[in-house]
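# Observations on chain architecture
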Amino acid sequence: DVKVTQSSRYLVKRTGEKVFLECVQDMDHENMFWYRQDPGLGLRLIYFSYDVKMKEKGDIPEGYSVSREKKERFSLILESASTNQTSMYLCASSRGLGYTEAFFGQGTRLTVV
Amino acid sequence: GQQVMQIPQYQHVQEGEDFTTYCNSSTTLSNIQWYKQRPGGHPVFLIQLVKSGEVKKQKRLTFQFGEAKKNSSLHITATQTTDVGTYFCVLASGGSYIPTFGRGTSLIVHP
């Protein structure tokens, strides 16, 4: 079974903290993505990566950075968490450069207080 | 960036009624995917459409890709409570392989 695993299901952090969200996939996929999901806004792309050490900004990268040191792992970093970053964060992966099915992790519900 | 319009945002139906959600793009698409997200869950791939005018069926679900490859629809016949969730269309155009999600249509089925 294909699997995308996010390190935490729920997180509560304080304003100003540095926050790491981890995502691991076991499918040897080249592409990995981070989205945030807010009610009524659908999924918005934060960052994506199509190869190790490669990253590209998505639609809403401000306040976030990413790291992909290994193919299977894609980390989302909130440099200084703010309350407007309270959201559901979803990681996904897909195979190759073609447009293929994306597999999602279970999501991390982050609350910044 | 790419514009995606998905309507309606919400749809309440009685169990047994039909349901349709529509997705429109401002650009010509290379293909389109549909995903379903159950309440509390994560998006799960349903289907991909590639050809102009393509129609695909999965049991009670019918997916259609427009002739101009700028729009798509998902139709559910005789809804059941298991159909509850949010349905997303996901676009790709040109050489982009980045899944771009619509805002989704939330389907609520009343027993």
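Residues numbered from 1 in each chain as written. Chains lettered and ligands numbered in written order. Predicted model: local features only at pLDDT ≥ 70, side-chain atom pairs only at ≥ 80, totals over all residues. Heavy atoms only, no water.

### Quick look at the sheet that holds strand β1 (residues 4–6) of chain A
Residues and elements named next belong to chain A. On the basis of which strands lie adjacent, the open sheet formed by 4 strands has the order β1-β3-β8-β7 and antiparallel pairing. Taken across any chain shown, the strands that pair with only one partner, and hence form the sheet edges, are β1 and β7 (64–70). Taken over all neighbouring pairs, the strand axes of this sheet differ in orientation by 20 degrees on average, direction set aside. Both β7 and strand β8 (residues 73–78) contribute to a ladder of 5 bridges, which runs antiparallel. Looking at the pairing, Lys70 lines up with Arg73 of β8. (Pairing = 2+ DSSP bridges. Helix = DSSP H or I, 4+ residues; strand = E, 2+ residues; numbered from the N terminus. Axes fitted to C-alpha atoms, helices over the stretch in contact; angles between N-to-C directions.)

### With respect to unusual backbone geometry
For the peptide bond that leads from Ile7 of chain B to Pro8 of chain B, omega is -5 degrees, which places it in the cis range. Mapping Pro8 of chain B onto the fold places it in the loop between β1 (4–7) and β2 (10–14). Positive phi, normally seen in glycine, also occurs at Asp28 of chain A, with a value near 60 degrees. Here Asp28 of chain A shows up in the loop between β3 (19–25) and β4 (31–38).

### A short note on the interface of chain A and chain B
Every contact between the two is made by 22 residues of chain A and, on the other side, 20 residues of chain B. Summed over both partners, the interface of chain A with chain B comes to about 1800 Å²; 59% of that surface belongs to carbon and sulfur atoms. At the junction of chain A with chain B, the criterion picks out 0 salt bridges. Our count for the chain A to chain B interface comes out at 5 residue pairs in polar contact (both at pLDDT 80 or more). Those elements giving two or more residues to the side of chain A that touches chain B turn out to be β4 and β5 (42–49) of chain A. (Contact = heavy atoms within 4.5 Å. Buried area = accessible area lost by both parts, 1.4 Å probe. Salt bridge = Lys/Arg side-chain N within 4 Å of Asp/Glu carboxyl O. Polar contact = N/O pair within 3.5 Å; in protein donor to acceptor, adjacent residues only side chain to side chain.)

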